[in-house]
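# Coordinates in review
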Amino acid sequence: MSRVNLVGLLPSELEDLAVELGASRYRGRQVATWIYRKSVFDLEAMTDLPKDFRAGLAERAVIEVPEPERVTPSQDGSQKLVFRLAGDSRISSVVMPDDDRITLCVSTQVGCGFQCLFCLTGVMGLERNLTPAEIVGQVLAANRLLAPDRRVTHIVFMGMGEPLANYAALVTSLRILTDAKLGLGYSPRRITVSTVGLVPGIEKLGRENLKVNVAISLHAATDEVRSKLMPVNRSFNLVALMAALRRYPLAPRQRIFFEYVMLDGVNDSPEDARQLVKLLRGLRSKVNLIPFNDWEGAPFQRPPLQRILAFQSILLDAGLTTTVRWSKGEDIGAACGQLREPVPA
Ligand code: SAH
């Protein structure tokens with residue numbers, strides 16, 4: 001029988017496991033505290049657990065945090081971590097320090113099945129879903145890599161894969177990350193889940209009461225353009241998507257984030273900006289314009305700076321909060337849309 005990885009189990013599942021081993025639920029809570037709150041991944045070091053319970057655990061379980069196979073620093077201070085997982089799959093995470101903030105961008109799948117035309121991960125196709133252990137493991141591994149007095153402060157689900165297409169593992173991971181007592185204790189306001197716009201998943205996530213931020217990869221304000229760029233729009237069009245977002249339960253002062261990759265001559269005209277204003281009217285939103293990040297063989301180009309700023313001005317003038325997000329790690333293939341592993345030689 002293969003042994004279960006304790007990383008990725010909910011605190012309640014660790015309690016159940018303790019009971020199965022003939023111990024009290026309290027012992028399970030202690031294990032959760034060691035792993036998630038103290039980042040201790042060695043059973044031997046869990047000194048307040050009875051010896052026989054530790055021995056029983058060791059027979060049934062392992063504690064496995066993925067070790068980065070490669071850490072590549074960027075000139076801008078960010079770092080790309082590449083992990084080799086079971087089955088020889090590779091994924092990456094990106095650590096992005098910014099003053100007091102350290103944002104970690106995590107992956108949820110090996111590859112991605114949605115084939116957005118401008119995204120290099122889409123070229124890989126979908127290989128498999130990540131497990132909760134592999135998702136939470138990226139955070140634990142990044143924290144272990146940082147200086148002892150520092151840890152990841154913000155987490156964005158914007159790496160490889162479509163989070164809502166790996167729904168169960170996503171939600172389990174979010175519960176572990178946000179559990180304030182027995183999990184990692186991240187405030188849900190510091191976590192953002194980005195999606196291509198899977199309407200049923202967005203509705204389901206809204207009912208989980210997790211209170212994490214939601215980001216929508218919008219990239220176009222008309223079905224005509226969006227369906228060309230993102231095949232998923234043919235299944236869930238803008239009317240369906242916007243209706244789901246208008247119903248989405250937002251906390252006071254919380255907003256929906258929109259990502260809009262700027263593609264030269266495709267979605268960057270003043271008319272596109274005006275359509276976007278119309279689409280978002282009345283919704284509490286924040287728009288992040290992402291200048292296209294190039295990759296070899298990409299059928300798109302980044303618009304000239306002037307055009308990006310003119311687009312932004314139209315949104316700002318209409319009262320939309322809008323920033324231009326210059327991706328980090330472009331020099332190391334870690335920027336938005338550049339994640340692909342292994343990198344072909
Ligand atoms: N699948 C989810 C999570 C990935 S987030 C989603 O699409 O939201 C990664 C973000 O980078 C998405 O908004 C994606 O559309 C954007 N992106 C993809 N390729 C890009 C590129 N070449 N340049 C800039 N942004 C890109």
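The structure presented is a predicted model; accordingly, all values stated were derived computationally and were not measured.

### Some thoughts on the domain arrangement of the protein chain
In terms of domains, the protein chain is made up of domain 1 (4–62) and domain 2 (68–332). Using only C-alpha atoms to locate each centre, domain 1 and domain 2 end up separated by 33 Å. Facing 14 residues of domain 1, the contacting portion of domain 2 comprises 16 residues. Of the roughly 1100 Å² buried where domain 1 meets domain 2, counting both sides, 71% is carbon and sulfur surface. At the junction of domain 1 with domain 2, the criterion picks out zero salt bridges. At the boundary of domain 1 with domain 2, the tally comes to two residue pairs in polar contact (both at pLDDT 80 or more). If one sorts the elements of the side of domain 1 that touches domain 2 by residue count, helix α2 (residues 25–37) sits on top with six residues. Residue composition of the side of domain 1 that touches domain 2, by class: eight nonpolar, four polar and two charged.

### Digging into a nonpolar patch on the surface
A grouping of Leu305, Leu309 and Trp326 is seen on the molecular surface, where their side chains present a nonpolar patch of about 300 Å² in accessible area. By secondary structure assignment, the location of Leu305 is in helix α11 (residues 305–317). In this structure Leu305 comes out as partly exposed when scored by relative accessible area, which is 46%.

### A look at the nonpolar core
The biggest cluster of nonpolar side chains holds 113 residues, and the ones touching the most others in it are Leu6, Phe118 and Phe157. Two domains each donate at least three residues to this core, and these are domain 1 (4–62) and domain 2 (68–332). Residue contacts for Phe118: discarding those within four places in its chain leaves His219, Leu229, Met230, Val261, Leu263, Phe292, Trp295 and Phe300.

Cut-offs and rules
- Residues numbered from 1 in each chain as written.
- Predicted model: local features only at pLDDT ≥ 70, side-chain atom pairs only at ≥ 80, totals over all residues.
- Heavy atoms only, no water.
- Domains from an automatic or database assignment.
- Contact = heavy atoms within 4.5 Å.
- Buried area = accessible area lost by both parts, 1.4 Å probe.
- Salt bridge = Lys/Arg side-chain N within 4 Å of Asp/Glu carboxyl O.
- Polar contact = N/O pair within 3.5 Å; in protein donor to acceptor, adjacent residues only side chain to side chain.
- Helix = DSSP H or I, 4+ residues; strand = E, 2+ residues; numbered from the N terminus.
- Nonpolar A, V, L, I, M, F, W, Y, C, P; charged D, E, K, R; others polar.
- Patch = residues over 30% accessible without salt bridge, like charges linked within 9 Å, V, L, I, M, F, W, Y side chains within 5 Å.
- Areas by Shrake-Rupley, 256 points an atom, 1.4 Å probe, with all protein chains shown as cover.
- Buried < 20%, exposed > 50% of the residue type's maximum accessible area, 1.4 Å probe, protein only.
- Core = buried A, V, L, I, M, F, W, Y, C linked by side-chain atoms within 4.5 Å.

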